[in-house]
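Listed here are the chains, written in short residue letters.
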Amino acid sequence: MARTSILNRTILSSLLLGAVIIAAPGCKKGSSDTAELTPPPAPTYENPFDELNDIPKQMTAQLDWVTQPLRDASALGDDFTAIQAKYSIDVKALGGMATAAFKDGKIEISADVAVTAEAKADIEALLGKIKAAGVAIGTIPKRATKASGAIGKMSIKVVGLAPKATAYLKKQLADASAEMSAELKGSIELNLTSIPEMPNKIKATGKDAIAKVKAIPNEAKTTFTELVAAFSGEGAFPKGVTNNDTEQPVPEVEGEGEGEAAAE
C-alpha cells in the first residue's frame, strides 16, 4: 500500500472491500434511492451568519457520509480476528466464508467447519455484517455523485449568504441595547470582519472536498490486492481508522452566538 496519511490508507483499504463487492459477479450493489442514499440535510439556522460560518462543516459532513460505509467495513477486520481467535477457527476457512458473503451475499457455515451452536450464531452474525457492509459500499459511487452536487450547491450559495450575513450582523449592532458589553460588541464586530474572506475560503474548501469525493471510487484499485489477502487469511487488516480530515479554513469566531443573544 502507498505510504500516504493514515486517513488515506484507511480510505483506500476500506474501499477495497467495496471493490470486492462491486466487481463480484452477481453481487447486489444495494438499493438505489433509499434512505441510506439520502445525503445529510442542512441544519436549521437562526440567522445567515450562522449558516455561512457552518458551511465548511456541512461540506465535511457530506464527505463523511460518502466514506461512512468504508469506516463501517474497516471495523470488520477486528470482528473477523476476534471470531477466529475465540473459536479457534482456521483463518482461511473463515476467510472463505467471509469472501462468499462479500461477493455473493451468501451467509452460511461451510460444511467442513465443525463449530458449536454458539459459534455458529456468532459466525452467521459476522457474515451478516459483512454482507450489509458490501451492500452499503456498493452505494458509494452514487453517494459520491450526490455529495459532489450538494457541496457544489453550497459553494454557490455562499455568494448570496455573505451579504445577508453582513446585513444581519450590522443590524445586530444597530439594534443592540446600551447594556451590551464591550466583549459582546467586539465579538460581533470580529464576525463582521471575517465575512469578506469567507466566500473564497469556503469555495476552496468545497473544491478540495469535491476532489476528494470524486477520487474515492477510483482509489480503491490501488489496494485491492492487500484487502483480498487480508480477508482470505493471508494478510493483515488495515488499522488506524479515523474520520476524514478535510480542512476547514473558516474559523469559528468566539462569542458568535453571544452577539445574537445580546440583540434579542
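Okay, so let's go over this structure. (Residues numbered from 1 in each chain as written. Predicted model: local features only at pLDDT ≥ 70, side-chain atom pairs only at ≥ 80, totals over all residues. Heavy atoms only, no water.)

Helix H7 (residues 182-194) packs onto helix H6 (residues 140-175) with a crossing angle of 160° between their chain directions and a minimal axis gap of 10 Å. Regarding the angle of H6 to H7, the classification is roughly antiparallel. H6 and H7 meet at a crossing whose hand is left-handed. Counting all contacts with H6, which are made through Thr166, Leu169, Lys170, Gln172 and Leu173, the residues of H7 involved are Lys185, Ile188, Glu189, Asn191 and Leu192. For the contact of H6 with H7, the per-class residue count stands at four nonpolar, three polar and three charged. (Axes fitted to C-alpha atoms, helices over the stretch in contact; angles between N-to-C directions. Helix = DSSP H or I, 4+ residues; strand = E, 2+ residues; numbered from the N terminus. Parallel < 35°, antiparallel > 145°, perpendicular 65-115°, else oblique. Left-handed = near helix turned anticlockwise from the far one by under 90°. Contact = heavy atoms within 4.5 Å. Nonpolar A, V, L, I, M, F, W, Y, C, P; charged D, E, K, R; others polar.)

This part takes up the pattern of salt bridges. Under the defined criterion, the tally for this structure stands at eight salt bridges. With its nearest N and O atoms 3.5 Å apart, the salt bridge here joins Glu108 to Lys106. Take Glu108: its relative accessible area is 44%, and that puts it in the partly exposed class. Judged by its relative accessible area of 42%, Lys106 falls in the partly exposed class. Residue Asp208 is joined to Lys212 by a salt bridge in which the shortest nitrogen-to-oxygen separation is 3.6 Å. With a gap of four residues between them, Asp208 and Lys212 both fall in helix H8 (residues 198-219), about one helical turn apart. (Salt bridge = Lys/Arg side-chain N within 4 Å of Asp/Glu carboxyl O. Buried < 20%, exposed > 50% of the residue type's maximum accessible area, 1.4 Å probe, protein only.)

Glancing now at the side chain of Asp54. Its place among the elements puts Asp54 in helix H2 (residues 48-74). No salt bridge forms around the buried Asp54; measuring N to O, its nearest opposite-charge neighbour Lys57 is 4.6 Å away. Side chain to side chain, Asp54 and Tyr45 meet in a polar contact 2.6 Å long. (Lys, Arg positive; Asp, Glu negative; His and termini not counted. Polar contact = N/O pair within 3.5 Å; in protein donor to acceptor, adjacent residues only side chain to side chain.)

Turning our attention to the environment of Ala114. One can find Ala114 in the loop between helix H4 (91-104) and helix H5 (117-137). In this structure, the C-alpha to C-alpha distance between Ala114 and Ile89, residues 25 residues apart in sequence, is 8.8 Å.

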